[in-house]
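The lines below spell out each chain.
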Amino acid sequence: MDVNGTVAEGFEPVREAFVRNFEVLGERGAAVAVYRDGHRVVDLWAGTKDVDGTKDVDGTADSAPWERGTAQIVRSATKGVAAAALLLLHQRGLLDLDAPVGEYWPEFKAVGKERVLVRHVLSHRAGLPVLDRPLTPEEALDPLRGAEAVARQALVWEPGTDHGYHALTYGWLLDELVRRVTGRGVGDWIAEEIAGPVGADLWVGLPAAEAGRVGRSGRVEVPGNAGGLRSRPKRSVTEAYDDPASLTRRAFAAITPFPDQNDPAYRAASLPATNGIATAEGLARFYASLVGEVGGGPRLFTPGTLAAARAEESAGPDRVLVINTRFGLGYMLHGSASPFLDAGSFGHPGRGGSLGFADPESGIAFGYVTNGFSKTVTADARAQALVRALRAALPA
């Protein structure tokens, strides 16, 4: 496997793990980037830009190779980027995390939702993980239809009393809050207030000018146990995904059928729960900018906002994912469901592979993107192999 890019001295184990992902774990095309204290120490990429890229018998690639600027859809890793929008609005005094959502969005108060707080949205405690009438793919691309559907939806549980992953509804809740406070959708706000200022190649709503950089994604099989994770989910988890009436199935079916993620129209839409697109370097740079300055750019989070982002808000059995999860405000926290670097790490995985996080204590920020999606939801074997190698490379 020809691996391109660089690693700083001491971070060679990350390169070794990256190569092994291609040799053992079925990787097709991917990139990983790591910052430490604002400096890039890992920047690697390999494979083909498209997941279905193959090679001729003479070894010549018949599809474009992955390049340094290649980007991929990162699925729910988008949530960590989008969460920063609400937290920055709070940091600027424009949004109160403990205010009812209906204070900013009056139509939302319908059907007994007056007690849903902004804090509940970020910590998956709002009680709105499902839609009784799922949106069609065409409806989901309309930036207003999702918000209208969530505003009509009744609660599944009393806000703040329990938590369950808001797989798709999270995006519509967050987008409409940003729209009501700023007059801009969250995709535009991220482009102008986050990605632009810090120089991160990431988008929620892909501009037409960047479309040529994005590879085709698709399903891949990652060998069980090869990454050191559980090879089979518990029976309760399997049953939840198989049961059409379960909160699990209904949460992930809030758009039915789910759109083709390679469709240019889907990529150009703004769905801040699921359709962010990023390079590995862009994702790592974003997280590095949350905790410090990068290349003279701004540090996004003040110490107080950083503390709030990673303070535990939800922990224990997740009513949607049917495993134990931990959430701060908009971010998953290090734990068994999605291991990051250490106890103080915060970030967000994307279903099937991608991962971004920061660990303020070590100064590490991490980004991994792939064009091959596995069956995993919160902890992909390939991403975890890279995280373990990174952990081993750091001083004890």
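Conventions used here
Residues numbered from 1 in each chain as written. Predicted model: local features only at pLDDT ≥ 70, side-chain atom pairs only at ≥ 80, totals over all residues. Heavy atoms only, no water. Salt bridge = Lys/Arg side-chain N within 4 Å of Asp/Glu carboxyl O. Buried < 20%, exposed > 50% of the residue type's maximum accessible area, 1.4 Å probe, protein only. Helix = DSSP H or I, 4+ residues; strand = E, 2+ residues; numbered from the N terminus. Pairing = 2+ DSSP bridges. Core = buried A, V, L, I, M, F, W, Y, C linked by side-chain atoms within 4.5 Å. Expected span 1.5 Å × (residues − 1). Polar contact = N/O pair within 3.5 Å; in protein donor to acceptor, adjacent residues only side chain to side chain. Contact = heavy atoms within 4.5 Å.

Participant: I'd like a rundown of the pattern of salt bridges, residues and numbers included.
Facilitator: Considering all chains together, one arrives at 25 salt bridges under this definition. Between Glu192 and Arg184 there is a salt bridge, with its nearest N and O atoms 2.4 Å apart. Linked through salt bridges whose partners overlap, the residues forming this network are Arg40, Asp43, Arg68, Glu281 and Arg285.

Participant: I'd love a proper account of the pairing of strand β12 (residues 355-359), names of residues and values included.
Facilitator: The buried count for β12 comes to 5 of 5 residues, which makes it a mostly enclosed element. Side chains of β12 alternate between two faces, with Leu355, Phe357 and Asp359 and Gly356 and Ala358 buried alike. Where β12 lies against strand β13 (residues 364-370), 5 bridges are found, and the strand directions are antiparallel. Bridging across to β13, Gly356 finds its partner in Gly367. The hairpin turn running from β12 into β13, its antiparallel successor, is 4 residues long, and Gly363 in that turn takes a positive phi close to 75 degrees.

Participant: Could you give me a rundown of the nonpolar core, with the residues and numbers involved?
Facilitator: If you look at the biggest cluster of nonpolar residues, it comprises 127 residues, and the most contacted ones within it are Leu290, Phe301, Tyr331 and Phe366. Tallying contributions element by element places helix α2 (residues 78-91) first for this core, with 9 residues. Core analysis: the next-biggest nonpolar cluster, separate from the first, contains 5 residues, Val51, Val220, Val222 and Ala381 among them.

Participant: So what's going on with the sheet that holds strand β4 (residues 72-73)? Residues and values would help.
Facilitator: Whenever strands of a sheet pair, they do so through backbone hydrogen bonds, lying parallel or antiparallel. The antiparallel open sheet is built from 3 strands, whose spatial order is β4-β7-β5. Of all the strands in the sheet, just β4 and β5 (202-203) have a single pairing partner and so form its edges. The sheet contact formed by β5 and strand β7 (residues 277-278) spans 2 bridges and is antiparallel. Residue Leu202 lies in a different strand from β7, and its bridge partner there is Ala278.

Participant: Residue-level account of helix α12 (residues 280-291), with values.
Facilitator: A rise of 1.5 Å per residue sets the reference length of α12, with its 12 residues, at 16 Å; its end C-alpha atoms lie 17 Å apart and thus fit the reference within 8%. Buried residues dominate α12, accounting for 12 of its 12 residues. What α12 keeps buried is the set Ala280, Glu281, Gly282, Leu283, Ala284, Arg285, Phe286, Tyr287, Ala288, Ser289, Leu290 and Val291.

Participant: I'd like to hear about unusual backbone geometry, residue by residue, with values.
Facilitator: The omega angle of the peptide bond from Thr256 to Pro257 is -10 degrees, so this bond is cis rather than trans. Relative to the elements of secondary structure, Pro257 occurs in the loop between α10 (247-252) and α11 (264-268). Backbone geometry at Asp37 places phi at a positive 50 degrees, although glycine is not the residue there. Within the secondary structure, Asp37 is located in the loop between β2 (29-36) and β3 (39-47). A relative accessible area of 55% places Asp37 in the exposed class.

Participant: How would you summarise the side chain of Asn275 if you had to cite specific residues and measurements?
Facilitator: When you line up the elements, Asn275 lands in the loop between α11 and β7. One polar contact links the side chain of Asn275 to the main-chain carbonyl oxygen of Tyr266, over a distance of 2.8 Å. Polar contacts involving the side chain of Asn275 include one to the main-chain carbonyl oxygen of Ala269, which spans 2.8 Å. With sequence-adjacent residues up to four places away left out, Asn275 is seen in contact with Ile73, Arg75, Thr78, Trp203, Val204, Tyr266, Arg267, Ala269 and Ser270.

Participant: I'd love a proper account of the environment of Ala33, names of residues and values included.
Facilitator: Among the structural elements, Ala33 can be located in strand β2. For Ala33, a relative accessible area of 0% corresponds to the buried category. The spacing of Ala33 and Tyr368 is 335 residues in sequence and 6.5 Å in space, taken between C-alpha atoms. Apart from the residues within four sequence positions on either side, Ala33 is in contact with Val42, Asp43, Ala280, Glu281, Ala284, Ala365, Phe366 and Gly367.

Participant: Report on the environment of Ala211, specifying residues and quantitative values.
Facilitator: Mapped onto the elements, Ala211 comes out in the loop between β5 and β6 (218-219). Classification of Ala211 as partly exposed rests on a relative accessible area of 37%. Residues Ala211 and Ala71 lie 140 residues apart in sequence; the distance between their C-alpha atoms is 9.2 Å.

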